[in-house]
Amino acid sequence: MRLPSSSSCIKFKVEKETLCLSIGRKRGSADSFACRSTISSTEVATNGGHDVLVALSTIIDPDFGADIVTCGFVKDLQADKSSGEVAFRLELTTPACPVKDMFEQQAKEKVAALPWVTNVKVTMSAQPAKALAAEGLPRSLQNVSNIIAVSSCKGGVGKSTVAVNLAYSLAGMGAKVGIFDADVYGPSLPTMVSPELRVLQMVEDTKQIIPTEYLGVKLVSFGFAGQGTAIMRGPMVSGVINQLLTTTDWGELDYLIIDMPPGTGDIQLTLCQVVPLTAAVIVTTPQKLAFIDVAKGVRMFSKLKVPCLAVVENMCYFDADGKRYYPFGRGSGKQVVQQFGISNLFEFPIRPEARLYKALSAAGDSGTPEVVHDPQGDVARSFSELGVCVVQQCAKIRQQVSTAVTYDDAMRAIKVKVPGTEEPFYLHPATVRRNDRSAKSIDEWTGEQKLRYGDVREDIEPEAIQPLGNYAVMISWPDGFNQVAPYDQLEALERLVDTPPKKESGEGALSSAANETAASAILKHAKALKEAGAAM
């Protein structure tokens, strides 16, 4: 469900001739897509492909509020108006998309309703797993789309149970999933799953760790390393975690679930710094004591710019004699949601042993996750809802991050819309380049500015902008310099006062007159900045 970063070619046949309609994103504008055709508008209108695209454009993605054509989901479109045959592929961003069946059904119905169509063939697929910003990542993680931390900062709240069952719920939705047990002192994963091969293997030539697997989910834990009990100091533990996580051959994964250890110390900070976490799921229990520690974890993630997408209040209640009982009180989960603005709360029950089926914890103790043991049960349905939430929120986060900072060719300005904010703002590229805070621009010892105002051309333009986790972007400039620009720094820079006008309704790009007006405003502002710099 993420908007594409490059053009995609949509093909269709007319009287044995294959024509191409290219639908792609205009550089620097994530919410603007321009249709570029290699044939005239008359030919497009008569071959049937245009009719199909118009019909498909009425299907709206509920997460992004855009139609599936604009989102770039429609691929390999082939239409033959003379025979009434239509075939195309819908490529989603994740195989676990909760609305893929709805998309497939609606696509068939919309296209079949066209008067000349006699047969519709729809193929569903998903984009290959890939990190949002692979540059700088360990090679083993470059094909991992989303990395989710399941954290509580408090032991005994059922965090590992939530992590494992969430992973298998996502796998049941069709995603490629891995679990990394980051608790070296007390690894839980070997108890909760039952892989045939219970020892991690290493490839001698590459020194890569091969994860073990259970029911299609890749597993890595210190408990599978055959090292017995871990008795070591914090820095050693951080090194072990780093090695296990970054040297494992994870392959292509849609979701890597990290079962975080309790606390907010070196181990947690190491994990957050080594890998760009997409988001976190917070696990708590109803007690006030659990809330106090969980709040520390939420603040840690906030400082590290990792969004918390859901709160799971575990061991919340149990049902008996037709009534619902809350033995530990109520309110911890809601307090986290209200205090920190996390929008999704899930309440999980206690499963008494006296029932005919195993309790939630007992299912984990036996080596079979509850969602696998009883896939139609109430707990499995709750985890399925959590899985849908994770899929939808991760898609939104990736889309927001990938389009947070873009360059608009027409405006000749850098457009910034930080995730979580409503309105974008514009920056002059030269202003951004001159305000670099790295050692190449500022002396780290004296604080003296090494990069002078005149060293940066007024008409400089970025060559590429790539996201770095959830907190910054890396901007590549023509002089070969790669500038790391945190969102906080960009928000503090002087903004262009005369912002570009909004696009007219129904237009794929701004009119030439609007472009000239906006460009003139930017150049006028740049001239004022230059004069101010010369006066200093």
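To be clear, the structure that these remarks concern was listed above.
Please read these numbers as outputs of a predicted model, since none were measured by experiment.

*Asks:* Before we move on, can you summarise the overall build of the chain with the specific residues and values?
*Replies:* Per the secondary structure count, the chain includes 15 helices and 24 strands. Residue burial in the chain is summarised as follows: out of 536 residues, 50% are buried. A total of about 25100 Å² of accessible surface is found on the chain, and carbon and sulfur atoms cover 50% of it.

*Asks:* Residues and numbers for the state of the cysteines, please.
*Replies:* Two cysteines form a disulfide when their sulfur atoms are joined by a covalent bond. What the rule picks out here adds up to zero disulfides. Left without a disulfide partner, Cys 394 is nearest to the cysteine sulfur of Cys 389, which lies 8.7 Å away.

*Asks:* Describe the packing of helix 4 (residues 159–172) against helix 12 (residues 378–402), listing the residues and the values that go with them.
*Replies:* One way to put it is that helix 4 packs onto helix 12 with a least axis distance of 9 Å and a crossing angle of 75°. With respect to helix 12, the element helix 4 is oriented roughly perpendicular. The residues of helix 12 that touch helix 4, namely those facing Thr 161, Val 162, Asn 165, Leu 166, Ser 169 and Leu 170, are Phe 383, Ser 384, Leu 386, Gly 387, Val 390 and Val 391. Counted by class, the contact of helix 4 with helix 12 contains seven nonpolar, five polar and no charged residues.

*Asks:* Outline the pattern of salt bridges, supporting the account with residue identities and numerical values.
*Replies:* Here the structure, examined in full by the defined rule, presents 14 salt bridges. Across the pair Asp 259 and Lys 159 runs a salt bridge whose closest N-O atoms are separated by 2.8 Å. Of the two residues, Asp 259 sits in strand 13 (residues 253–259) while Lys 159 sits in helix 4, which places them 100 residues apart along the sequence. Note on Asp 259: relative accessible area 4%, which makes it buried. When its relative accessible area of 7% is taken as the criterion, Lys 159 is described as buried. Taking the shortest distance from any N to any O, the salt bridge between Arg 452 and Glu 448 comes out at 3.4 Å. For Arg 452, a relative accessible area of 45% puts it in the partly exposed group. For Glu 448, a relative accessible area of 45% corresponds to the partly exposed category. Through salt bridges that share partners, Asp 76, Arg 89 and Glu 91 make up one connected network.

*Asks:* Tell me about the nonpolar core, and please be specific about residues and values.
*Replies:* By size, the foremost hydrophobic cluster in this structure holds 103 residues, and its most contacted members are Phe 180, Phe 301 and Leu 386. A total of 10 residues in this core trace back to one element, the largest contributor, which is helix 12. The residue makeup of this core includes at least three contributed by each of domain 2 (139–399) and domain 3 (404–492). Those residues within four positions of Phe 180 in sequence are excluded, and the remaining contacts are Val 220, Ile 241, Leu 244, Leu 245, Trp 250, Leu 256, Ile 257, Ile 258, Asp 259 and Leu 271.

*Asks:* Give me the sheet that holds strand 20 (residues 413–416): which residues, what numbers.
*Replies:* Ordered in space as 19-20-21, the three strands form an open sheet in which the pairing is antiparallel. The outermost strands of the open sheet, each flanked by one partner alone, are strand 19 (405–408) and strand 21 (425–427). The mean angle between the axes of side-by-side strands here comes to 35°, regardless of whether they run parallel or antiparallel. Judged from the three bridges that link them, strand 20 and strand 21 form a sheet pairing that is antiparallel. Directly across from Val 416, in strand 21, lies its bridge partner Phe 425.

*Asks:* With reference to specific residues and values, describe the packing of helix 8 (residues 288–303) against helix 9 (residues 332–340).
*Replies:* Taken N-terminus to C-terminus, the directions of helix 8 and helix 9 make an angle of 30°; their axes are 10 Å apart at the nearest point. Our classification of the angle between helix 8 and helix 9 gives roughly parallel. With respect to the hand of their crossing, helix 8 and helix 9 are arranged in right-handed fashion. Contacts between helix 8 and helix 9 pair Phe 291, Val 294, Ala 295, Val 298 and Arg 299 from the former with Ser 332, Gln 335, Val 336, Gln 339 and Phe 340 from the latter. Considered class by class, the residues forming the contact of helix 8 with helix 9 number six nonpolar, three polar and one charged.

*Asks:* Go over the environment of Val 275 with me, naming the residues and quoting the values.
*Replies:* Within the secondary structure, Val 275 is located in the loop between helix 7 (266–274) and strand 14 (279–284). Along the chain, Val 275 and Asn 242 lie 33 residues apart, while their C-alpha atoms are 9.5 Å from each other. Each residue touching Val 275, except ones within four places of it in the same chain, is listed here: Leu 141, Ile 147, Leu 245 and Ile 258.

*Asks:* Any chance you could break down the sheet that holds strand 24 (residues 482–486) for me, citing the residues and the numbers?
*Replies:* With antiparallel pairing, the three strands of this open sheet are ordered in space as 22-23-24. For this open sheet the edge positions go to strand 22 (464–468) and strand 24, each flanked by a neighbour on one side alone. Mean inter-strand twist for the sheet, computed between neighbouring axes without regard to direction, equals 25°. Pairing of strand 23 (residues 472–476) with strand 24, which is carried by five bridges, proceeds in the antiparallel orientation. Its bridge partner being in strand 24, Ile 475 is matched across the sheet by Gln 483.

*Asks:* I'd like a description of the packing of aromatic side chains, backed by residues and values.
*Replies:* Counted according to the given criterion, the structure contains five aromatic pairs. Judged by centre distance (4.4 Å) and plane angle (65°), the rings of Phe 348 and Phe 383 are edge-to-face. Pair noted here: Phe 348 is in the loop between strand 18 (345–347) and helix 10 (360–365) and Phe 383 is in helix 12, with a separation of 35 residues, a long-range link. Both residues of the pair, Phe 348 and Phe 383, count as buried. Stacked on the ring of Tyr 317, the Lys or Arg Arg 324 has its end atom at 3.9 Å from the ring centre.

*Asks:* How would you summarise helix 4 if you had to cite specific residues and measurements?
*Replies:* Over its 14 residues, helix 4 runs 20 Å from end to end, which matches the ideal 20 Å to within 8%, given 1.5 Å per residue. With respect to burial, helix 4 is a largely interior element, 12 of its 14 residues being buried. Downstream of helix 4 by one or two residues, Gly 174 has phi in the positive range, about 105°.

*Asks:* So what about the pairing of strand 24? Which residues, and what values?
*Replies:* Judged by which residues are buried, strand 24 turns out to be one-sided: Gln 483 and Ala 485 face inward and are buried, whereas Asn 482, Val 484 and Pro 486, on the alternate face, are not. The antiparallel pairing of strand 23 with strand 24 creates a hairpin that spans five residues between the two strands, and Gly 480 there sits at a positive phi of about 90°.

*Asks:* Kindly report on the pairing of strand 15 (residues 308–313), identifying the contributing residues and their values.
*Replies:* In terms of burial, strand 15 is a largely internal element, six of the six residues being buried. Where strand 14 lies against strand 15, five bridges are found, and the strand directions are parallel. Directly across from Ala 280, in strand 15, lies its bridge partner Cys 308. Crossover strand 14 to strand 15 through helix 8 is right-handed. Bridging between strand 15 and strand 18 involves three bridges; their strand directions are parallel.

About the criteria used
- Residues numbered from 1 in each chain as written.
- Predicted model: local features only at pLDDT ≥ 70, side-chain atom pairs only at ≥ 80, totals over all residues.
- Heavy atoms only, no water.
- Helix = DSSP H or I, 4+ residues; strand = E, 2+ residues; numbered from the N terminus.
- Buried < 20%, exposed > 50% of the residue type's maximum accessible area, 1.4 Å probe, protein only.
- Areas by Shrake-Rupley, 256 points an atom, 1.4 Å probe, with all protein chains shown as cover.
- Disulfide = S-S within 2.5 Å.
- Axes fitted to C-alpha atoms, helices over the stretch in contact; angles between N-to-C directions.
- Parallel < 35°, antiparallel > 145°, perpendicular 65-115°, else oblique.
- Contact = heavy atoms within 4.5 Å.
- Nonpolar A, V, L, I, M, F, W, Y, C, P; charged D, E, K, R; others polar.
- Salt bridge = Lys/Arg side-chain N within 4 Å of Asp/Glu carboxyl O.
- Core = buried A, V, L, I, M, F, W, Y, C linked by side-chain atoms within 4.5 Å.
- Domains from an automatic or database assignment.
- Pairing = 2+ DSSP bridges.
- Left-handed = near helix turned anticlockwise from the far one by under 90°.
- Phe/Tyr/Trp six-rings, centres within 6.5 Å; stacked < 30°, edge-to-face > 60°.
- Lys NZ or Arg CZ within 6 Å of the ring centre and 35° of its normal.
- Expected span 1.5 Å × (residues − 1).
- Right-handed = clockwise from strand over helix to strand, strands pointing away.

Such coordinate-based values are descriptive only and should not be taken to indicate function.
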